[in-house]
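An overview of the molecular structure
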Amino acid sequence: MGDGGRALVASARLEFQQLNRSRALVALAALEAITFLVLVSLFGLTGSRAPTAIVDEDHGPLAASFVRHLDAAHHSFALRHMSAADARSQLHDGNIVAIITIPHGFSSDVASGHTVMLPVVVDNVDTDLTNDIKEALPSAIVAFGKTHGFGGIRVVAAEHDLVDHETGYIPYLVVSALVLDALVVAGILGAFAITREYEARTVDQWRLAPVRSGWVLAGKLLAAAVVSAGAVAIALAIVVLGYGVGARDLSAAIAGLGLCVVIFTAIGAAVGALLRRTLPVAALFFGLALPFYIDSGALEPVRFDGNTLWKIGHSSPVYNGVAILESAFHGLRVTPESLGQNLVVLTLWAVAAVLVSCAVLARRVVRR
Amino acid sequence: MSTGRTPRETFKGASAVARLDLAVWRRSPWAIAAAVIPAIGMLVLVKVLTMAVLAQPVALVQEGHGPQADVMASFIKADTDSYILKTTNMARANQLLRSQEVAAVIVIPKDFDEGVAKGRAALSYTLNNVDIDIADDIRRSVDRSVAQFDAPQLGASAPTRPGTRTTPEAPGLVVPNPYRVDISETDLRKTAVPFDTYQVLPVLLLLVISVGVLGGALLGSRDHERQTMVFLRTTPLSRVAFVTGRLMGTVLATLTVLVPALVYLVLAGNVDPPLGHWPAFLGILGTTVVLSAGLGVLLGVLFRRSTTVALAAVIVSSYLFFLGGGFTTIAFLPAPLRALSHAVPTRYAIDGMRQALFYSDLHGVGTDLLALTTFAIAAVGAGVFALRTETR
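Throughout what follows, the structure given in this document is the object of discussion. All figures in this text were calculated on a predicted structure; none of them were measured in a lab. Within each chain, residues carry numbers counting from 1 in the order of the written sequence. By the order in which they are written, chains take letters starting at A while ligands take numbers starting at 1. Selection of residues for local features in this predicted model requires a pLDDT of at least 70, selection of side-chain atom pairs for listing and counting requires 80 or more, and totals for whole chains, interfaces and linings are taken over all residues. Water and hydrogen atoms play no part in the side-chain values, which are based on all heavy atoms of the structure.

Some details on the nonpolar core
Grouped together as the largest cluster of nonpolar side chains are 160 residues, with contacts concentrated most on I194 and F329 of chain A together with M42, F281 and F327 of chain B. Ranked by residue count, the leading element in this core is helix α7 (residues 169-199) of chain A, at 20 residues. If near-sequence neighbours (up to four positions away) are discounted, I194 of chain A is found in contact with L217, L221, A269, G272, A273, L361 and V365 of chain A. Of all hydrophobic cores here, the second largest spans 68 residues; its members include V122 and A323 of chain A together with V58 and V181 of chain B. We call a set of buried residues a nonpolar core when its members are Ala, Val, Leu, Ile, Met, Phe, Trp, Tyr or Cys and they connect through side-chain atoms within 4.5 Å of each other. Only protein chains enter the accessibility calculation, which uses a 1.4 Å probe. A residue is then buried if its area is under 20% of the maximum for its type, exposed if over 50%, and partly exposed in between. A run of H or I in DSSP counts as a helix once it spans at least four residues, and a run of E counts as a strand once it spans at least two, with each numbered from the N terminus. We call two residues contacting when some pair of their heavy atoms lies within 4.5 Å.

The structure is reproduced here in structure tokens:
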């Protein structure tokens, strides 16, 4: 090993020691990785199953059948059986978003061919939520009529799925959140590795090193990347073991996450060299992560959101990272580009990020 | 640091510390940026989501051109709440589906009119069911279109009085349909709040939490890193004055960011509560500022180094925001999380603010304010205790 290699190893060892002395920081970085999994899970929980009171005053077989159809209406309702008074109280307290009342005589009236009116009270505070409920009720009604073969129904919907399996919303979200983890954790630790040198004023001493400063920098960033990879691995383990989301192609998943860690460590280092201050780094990466995450196909294929958002999505490697992970875990294609194309583009991102980072660090750190 | 000063001297000392902290804050643009960036990121997220969560891109292929097929097509075309529609031919539709420019292709087949005449027509659709969220949105929309065809007046039934059910004495108006079930919807409030307006409020709260927690924490960590705590111990300043001053300084620092943001939102029409709700709204906002300042002071004492403090403040703010219902609806969460949210102070802030802004009455706001005040007192108490212990 030459002098450069030895300097790299020594620099990496020093960075590990510094991180070892900042265990609270490393622990918080790992916690941040887990935090994003929690956050997207909370978001996912609100995407379906609106808490709805069902007031069944009929208790007949057709009423029970209708309730079953409400329950099966495309993950729309989380039905809670209760009395009318309780339902009104819960709606007023914001614990439920709607009340569906099945009136007395429902079963006999429907059986004798009459149309029965169901009173539905909706807390229409948020139009998105209200629209979901308004659309879900016809779904249940259509399915109810179809099941019982009522006369006069002339049209039914016939669905053909492009994907041969259903992917739950939370399993979809937590997989894409792993890329977000890599962005935030590797970005922050990569940036901290550089800002710490500025704030401790040790960056000037790099000129005294008997090797090129690039070796020292590479060692520091290597250590930051390894620790980041460890934090992301914890999040990955939680996704696999905790959420029970298995990878169909583990090697592609690891390759994708590994490339993301390299990219974001390099970008973090460049940001650290530009800011030279630790303070805004964590908030900056957190703030940037959310819009980049949303505009990357993390919730649904971003192309569904229109060409403008799709084009903006390409400005971040998160787009390709999410595509690779969704393919590796769920076998889903969430971008028009194939898995191979996304892997190539992500590799190019890694090369570009390292080159840009080298250029920024050379200008701001080495040649200052 | 001394004790046993008169209240007037204590107040003077506290004011001096608060002014100093405010001056430090104003001269720390990076700290202000760090506190504001998460809220700006969240605002961008809300705007992007507004575009993403509503209607879905769908291609319509009308192969049948009989009168019934035209009626079906007209229902689908008119449903702009559900579909961003591209009417095209089958080859182009399949291409759009492959390139993910549409999420589904709905086909009205050639024999649609014949099928309708025989009572077994099918509206077929191919769905990119990449996840159940988007797939279910489209399934619900197609079902609604199908329901409209056989029951065009679905939802038109009405009771004698809104919100009540029909009785033999008051049968109301029931419009028959082949599904034998109709709905009579009553909305709880007169106006529905658009998604982005609904979500701007939690973003404002995130700004308060972020600035308060980060501001208080960084002022504390700065004392350690610059070793000004040693200097403060030698001043003729009572501990009470210092602690009070630090809290006042953090509150003032938060207000320097909050007030312009609030004025902007009021002028933009995003914050427009009924006149009588302003005191409650401002009360909740003010109590949240105090709560955040208390938590910030506590974090500053606990974590000391600005590197750690900055990261810890972001994490604490995130949990307070999300678990409090910032980007979620608490009622949707599983029972254990709903129970946990009772221990999250921001839940009361968000609930109270939504009630004050979007509802016609202040039902529950008193309870929210009481709970929030209790949490704020506890946070300030813990912060004061930690700070006093530290300044000994």
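Looking at a nonpolar patch on the surface
Residue and element names in this part refer to chain B. Together, L252, L255, V259, V263 and L267 make up an exposed nonpolar region whose accessible area comes to about 430 Å². Mapped onto the elements, V259 comes out in helix α9 (residues 239-267). Residue V259 is classed as partly exposed on the basis of its relative accessible area, which comes to 45%. Only residues whose relative accessible area exceeds 30% and that take part in no salt bridge are eligible for patches, with like-charged residues grouped when within 9 Å of each other and nonpolar side chains (Val, Leu, Ile, Met, Phe, Trp, Tyr) grouped when within 5 Å. The protein chains shown are the only cover counted for residues, whose accessible areas, like all others here, come from Shrake-Rupley with a 1.4 Å probe. Whenever Lys or Arg places a side-chain nitrogen within 4 Å of a carboxyl oxygen from Asp or Glu, that contact is recorded as a salt bridge.

As for the sheet that holds strand β2 (residues 83-87) of chain B
By this definition, two strands are paired if DSSP reports at least two bridges between them. Strands sit in the order β5(A)-β4(B)-β3(B)-β1(B)-β2(B) across an open sheet of 5 strands; the sheet is mixed. Of all the strands in the sheet, the pair left with one neighbour each is β5 (155-161) of chain A together with β2 of chain B. Averaged over all adjacent pairs, the angle separating strand axes in this sheet is 25°, with direction ignored. Across 5 bridges, the pairing between strand β1 (residues 56-62) of chain B and β2 of chain B is parallel. By the bridge assignment, A59 of chain B is partnered in β2 of chain B with K86 of chain B. In the packing of helix α6 (residues 132-150) of chain B onto the sheet, contacts are made with β5 of chain A together with β1, β2, β3 (104-108) and β4 (121-127) of chain B, and the angle to β5 of chain A comes to roughly 160°. Here an axis means a line fitted to C-alpha atoms, over the contact stretch when the element is a helix, while the angle between two N-to-C directions is reported on a 0 to 180 degree scale.

Describing the sheet that holds strand β5 (residues 181-187) of chain B
Strand order in the open sheet formed by 5 strands is β2(A)-β1(A)-β3(A)-β4(A)-β5(B), with mixed pairing between adjacent strands. Each having just a single partner strand, β2 (77-81) of chain A together with β5 of chain B make up the two edges of the open sheet. Shown here is a sheet whose adjacent strand axes are inclined to one another by a mean of 25°, direction ignored. Where strand β3 (residues 98-102) of chain A meets strand β4 (residues 116-122) of chain A, 3 bridges bridge the pair, whose relative direction is antiparallel. What sits directly across from I100 of chain A, in β4 of chain A, is V120 of chain A. Lying over the sheet, helix α3 (residues 61-71) of chain A contacts β1 (50-56), β2, β3 and β4 of chain A together with β5 of chain B, oriented at roughly 145° with respect to β2 of chain A. Along the sheet face, helix α4 (residues 84-92) of chain A touches β1, β3 and β4 of chain A and points at about 165° away from the line of β3 of chain A.

Some words on the state of the cysteines
Residue and element names in this part refer to chain A. Cysteine sulfur atoms that pair up within 2.5 Å are treated as a disulfide. Enumeration according to the criterion identifies 0 disulfides over all chains in this entry. Not part of a disulfide, C260 finds its nearest cysteine sulfur in C358, a span of 19 Å. Judged by its relative accessible area of 44%, C358 is partly exposed.

What to know about the packing of helix α8 (residues 213-242) of chain A against helix α9 (residues 250-275) of chain A
Residue and element names in this part refer to chain A. α9 packs onto α8 with a crossing angle of 135° between their chain directions and a minimal axis gap of 9 Å. When the axis of α8 is compared with that of α9, the two are oblique. α8 and α9 meet at a crossing whose hand is right-handed. Counting all contacts with α8, which are made through L221, A224, A225, S228, A229, V232 and L236, the residues of α9 involved are L257, V261, T265 and A269. For this classification, under 35 degrees means roughly parallel, over 145 means roughly antiparallel, 65 to 115 means roughly perpendicular, and everything else is oblique. Less than a right angle of anticlockwise turn of the near helix away from the far helix marks a crossing as left-handed, whereas a clockwise turn marks it as right-handed.

A look at the interface of chain A and chain B
Contacts between the two partners involve 114 residues from chain A and, on the opposite side, 115 residues from chain B. Once two parts are brought into contact, the accessible area they lose, counted with a 1.4 Å probe and summed over both, makes up the buried area. The contact between chain A and chain B buries some 10400 Å² in all, and 64% of this surface belongs to carbon and sulfur atoms. Considering only the surface of chain A that becomes buried against chain B, M117, R154 and F304 of chain A emerge as the three largest contributors, covering 8% of it. Between chain A and chain B we count 6 salt bridges in total. Across the salt bridge formed by E135 of chain A and R144 of chain B, the nearest N and O atoms sit 3.3 Å from each other.

Considerations on the pairing of β4 of chain B
For β4 of chain B, a buried count of 5 out of 7 residues is recorded, marking the element as mostly surrounded by other parts of the structure. For β5 of chain A and β4 of chain B, the ladder comprises 7 bridges, and the chain directions are parallel. Looking at β4 of chain B, one finds that H160 of chain A is bridged to T126 of chain B. Pairing of β3 of chain B with β4 of chain B involves 4 bridges; the strand directions are antiparallel. By the bridge assignment, V107 of chain B is partnered in β4 of chain B with S124 of chain B.

Quick word on the pattern of salt bridges
Enumeration over the complete set of coordinates arrives at 16 salt bridges over all chains. The partner of E15 of chain A in a salt bridge is K220 of chain A, and the shortest N-O contact between them spans 2.5 Å. Of the two residues, E15 of chain A is situated in helix α1 (residues 3-21) and K220 of chain A in helix α8; the sequence distance between them amounts to 205 residues. On the accessibility criterion, K220 of chain A (3% relative accessible area) is buried. Here the residues in one salt-bridge network are E159, D161 and E166 of chain A together with D136 and R139 of chain B, joined through shared partners.

Structural notes on the packing of helix α10 (residues 278-303) of chain B against helix α11 (residues 306-323) of chain B
All names here are of chain B. Relative orientation of the contacting elements α10 and α11 amounts to 140°, with a least axis distance of 10 Å. On the basis of the axis angle, α10 is oblique to α11. Our pair here, α10 against α11, has a crossing hand that is right-handed. Side by side, α10 and α11 meet where L295, L299, G300 and F303 of the first sit next to T308, V309, A312, A313, V316 and L320 of the second. Taken together, the residues of the contact of α10 with α11 break down into 8 nonpolar, 2 polar and no charged. Residues are grouped as follows: Ala, Val, Leu, Ile, Met, Phe, Trp, Tyr, Cys and Pro are nonpolar; Asp, Glu, Lys and Arg are charged; every other residue, Gly included, is polar.

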